[in-house]
Amino acid sequence: MQQKKKRWRNSVRKVLSCAIAVITFVSLLSVHVHVPSFDVTSFPHNKLPMQHELSYQRLSGERSWIEEFAPPHFSKAPVTASKLDGANWNWTLDKLWKPPPNRDYVRCVAPTSSYTSPPESRGYLLVHTNGGLNQMRAGICDMVAVARIINATLVIPELDKRSLWKDSSKFSDVFDEDHFINSLANDVRIVKKLPKELASAARAVKHFRSWSGVDYYEKEIATMWDEYQVIRAAKSDSRLANNNLPPDIQKLRCRACYQALRFSPQIEAMGKLLVDRMRTYGPYIALHLRYEKDMLAFSGCTHDLSPEEAEELRAIRESIPWWKVKDIDPVEQRGKGYCPLSPREVGMFLSALGFTSNTPIYIAAGEIYGGDSHMSDLQSRYPLLMNKEKLASYDELEPFSKHASQLAAIDYIVSVESDIFIPSYSGNMARAVEGHRRFLGHRKTISPDRKALVRLVNKVDQGTMIEGKKLSDRIIEVHRTRQGSPRKRKGPISGRKGMDRFRSEEAFYVNPLPDCLCQNEPSYSNKSHAIV
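Residues numbered from 1 in each chain as written. Predicted model: local features only at pLDDT ≥ 70, side-chain atom pairs only at ≥ 80, totals over all residues. Heavy atoms only, no water.

## What about a positive patch on the surface?
Next, step 1: The grouping of K451, R455, K459, K470 and R474 at the surface amounts to a positive patch.
Next, step 2: No other element matches the 3 residues that helix 18 (residues 450–462) contributes to the positive patch.
Next, step 3: Position of K451 relative to the elements: it lies in helix 18. (Patch = residues over 30% accessible without salt bridge, like charges linked within 9 Å, V, L, I, M, F, W, Y side chains within 5 Å. Areas by Shrake-Rupley, 256 points an atom, 1.4 Å probe, with all protein chains shown as cover. Salt bridge = Lys/Arg side-chain N within 4 Å of Asp/Glu carboxyl O. Lys, Arg positive; Asp, Glu negative; His and termini not counted. Charge placed at Lys NZ, Arg CZ, Asp CG, Glu CD. Helix = DSSP H or I, 4+ residues; strand = E, 2+ residues; numbered from the N terminus.)

## Here we look at the side chain of R107
Next, step 1: Of note, R107 is situated in strand 1 (residues 105–107).
Next, step 2: R107 sits in the buried class, given a relative accessible area of 12%.
Next, step 3: One polar contact links the side chain of R107 to the main-chain carbonyl oxygen of F439, over a distance of 2.9 Å. (Buried < 20%, exposed > 50% of the residue type's maximum accessible area, 1.4 Å probe, protein only. Polar contact = N/O pair within 3.5 Å; in protein donor to acceptor, adjacent residues only side chain to side chain.)

## Observations concerning the sheet that holds strand 6 (residues 230–233)
Next, step 1: Taken in spatial order, the 5 strands make up an open sheet running 4-3-2-6-5, and their pairing is parallel. A strand with exactly one partner marks an edge of an open sheet, and here the two such strands are strand 4 (190–191) and strand 5 (203–206).
Next, step 2: Inspection of the sheet shows strand 3 (residues 152–155) paired to strand 4 by 2 bridges, in the parallel sense. When the sheet's bridge partners are listed, V155 is paired in strand 4 with V191. (Pairing = 2+ DSSP bridges.)

## As for the packing of aromatic side chains
Next, step 1: As enumerated under the stated definition, the model contains 10 aromatic pairs in all.
Next, step 2: Between F298 and W323, the ring centres sit 5.2 Å apart and the planes meet at 70°, which makes this aromatic pair edge-to-face. Remark: W323 occurs in the loop between helix 10 (307–319) and helix 11 (330–335) and F298 occurs in helix 9 (residues 293–299); sequence separation between them is 25 residues.
Next, step 3: Aromatic rings pair up to connect F171, F175, F180, F263 and Y412 into one cluster.
Next, step 4: Note that R253 overlies the ring of F508, its terminal NZ or CZ placed 4.3 Å from the centroid.
Next, step 5: A cation sits over an aromatic face here: R255 above Y115, 5.5 Å from the ring centre. (Phe/Tyr/Trp six-rings, centres within 6.5 Å; stacked < 30°, edge-to-face > 60°. Lys NZ or Arg CZ within 6 Å of the ring centre and 35° of its normal.)

## Re the nonpolar core
Next, step 1: Among the nonpolar cores identified, the biggest contains 86 residues, and L125, I150, F175, F180, F208, Y217 and F263 are the most heavily contacted of them.
Next, step 2: Element by element, the count of residues in this core is highest for helix 3 (residues 133–149), at 10 residues.
Next, step 3: Viewed by domain, this core spans two of them, domain 1 (94–99 + 263–508) and domain 2 (121–257), each represented by three or more residues.
Next, step 4: If you look at the next biggest cluster of nonpolar residues, it comprises 43 residues, including C339, A365, V457 and L471. (Core = buried A, V, L, I, M, F, W, Y, C linked by side-chain atoms within 4.5 Å. Domains from an automatic or database assignment.)

## Re the pattern of salt bridges
Next, step 1: Using the criterion set out here, one finds 31 salt bridges in the structure.
Next, step 2: Measuring nitrogen to oxygen at the nearest pair gives 3.0 Å for the salt bridge that ties R381 to D377. In this pair, R381 and D377 both sit in helix 13 (residues 372–381), 4 residues apart, roughly one turn of the helix.
Next, step 3: As a salt-bridge pair, R487 and E506 come within 2.7 Å of each other at their nearest N and O atoms. Placement of R487 in the loop between helix 19 (469–478) and helix 20 (498–503) and of E506 in the loop between helix 20 and strand 11 (517–519) is noted, with a sequence separation of 19 residues between them.
Next, step 4: Within this structure, D176, R262 and E268 form a network of salt bridges that share partners.

## Some remarks on the sheet that holds strand 9 (residues 385–386)
Next, step 1: Ordered by their spatial adjacency, 4 strands build an open sheet running 9-8-7-10, and the pairing between neighbours is parallel. Only two strands of the sheet have a single neighbouring strand rather than two, namely strand 9 and strand 10 (420–423).
Next, step 2: One ladder, built from 2 bridges, connects strand 8 (residues 361–363) with strand 9; its direction is parallel. Directly across from Y362, in strand 9, lies its bridge partner M386.
Next, step 3: Lying on the sheet, helix 17 (residues 428–439) is in contact with strand 7 (285–288) and strand 10; it crosses strand 10 at an angle near 155°. (Contact = heavy atoms within 4.5 Å. Axes fitted to C-alpha atoms, helices over the stretch in contact; angles between N-to-C directions.)

All quantities given are derived from atomic positions and should not be read as evidence of function.
So this is what it looks like as structure tokens:
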């Protein structure tokens, strides 16, 4: 009997020992491995909770986002880092989210010692901007520099109300007018309106020559003050050269663009609110998905569209007189990399890079052509697809809803502040955001090689390649050097002449290096690079 009891006690001890060992092992695992879960279905229609529904971590400080000059803070990736299958080198999720090396570049936009206060004004410069938000922004900043060159008083520019978007917004609806005037007081005199006594004065209406240098403005435009008190610039886009301008003019362009021309307080507040709400899900990608009706009609890109959709886009292109090219071969266009990536192609691209399915993605775009029918593949890969309408209530967005420029400004803020920015097409917004992110410390921007991606996607569609190791290797390798690391602005393409030569240059606001970014060598004084 005692022998049986002894055997029973030994058995119990063994069971308890095993149980304790298992519990200890599980506890150790729970300490070292944490994979956060994102239950998208817990929110109706995949909508993020509103401010009153969830306390979210705010970004540090109350300063305007556009005046943030400290290096950006990058959080860890939203899931445990693990080696990617199929990578040529050991890319982990941490590396995916890590910004490119800044190489000690700092902002250097303060005027040089020879810079003086604005000289006495010789007349007034009126400016009619043209294009969408980012085309107008670049034009406004260039006109600040032009006003300085020709000794003009700049009248607050008039925004484009006649373009495709038919936006009735005034300058003060989109930008902080008083801040703009005050910030540039030591550079250019700016007034809100033309003086009443000059309202009926004769004025010169001039189309300034594209990509012009200082000589053109001093010799051909400034001499017009002898006959006129008011000069009106009929257009503002691309009127100033990208390169070979005096250092103080280039620095002034950067001060105008990245310091003075900030958005209105209402737009800034809404943009920051959406950034905060995106960050409730951790680090996020801002995807500029240029797959709207106007873009596809203009570019003639119809891949993955139905015959009816392709015909609708062709009809739109035919109906707009200032779109000069009407007959476009969509297959040739796509093969050359001239088409925006489709939502499906973007999904394949992100998967190949190694972004996991719980990656939060903000869609910075207008209405996607075809809606859910074209978004289904991307949505199935990445359920956490967010946009303005999902992040904010109807009442919150209503003040901006009928103004394309104001909505685009909100997308701009969320894109600049993202941990990673990825444009599906290199349009005006994509280029402007890339340049701003470079200026703020070379924040990570992955620029898809559309021509290479189209070739690889075609192979998948033809069955000669599958999504997996080989495709991932190829895509990662192609994009190893396309992540926004510091480099000098690209000059003209060899062999180009005349206007084509200037057109082939990388635009000033896409990459403000070397004019507004300097390498912080030991001999430099930190104060010499300060922005005041």
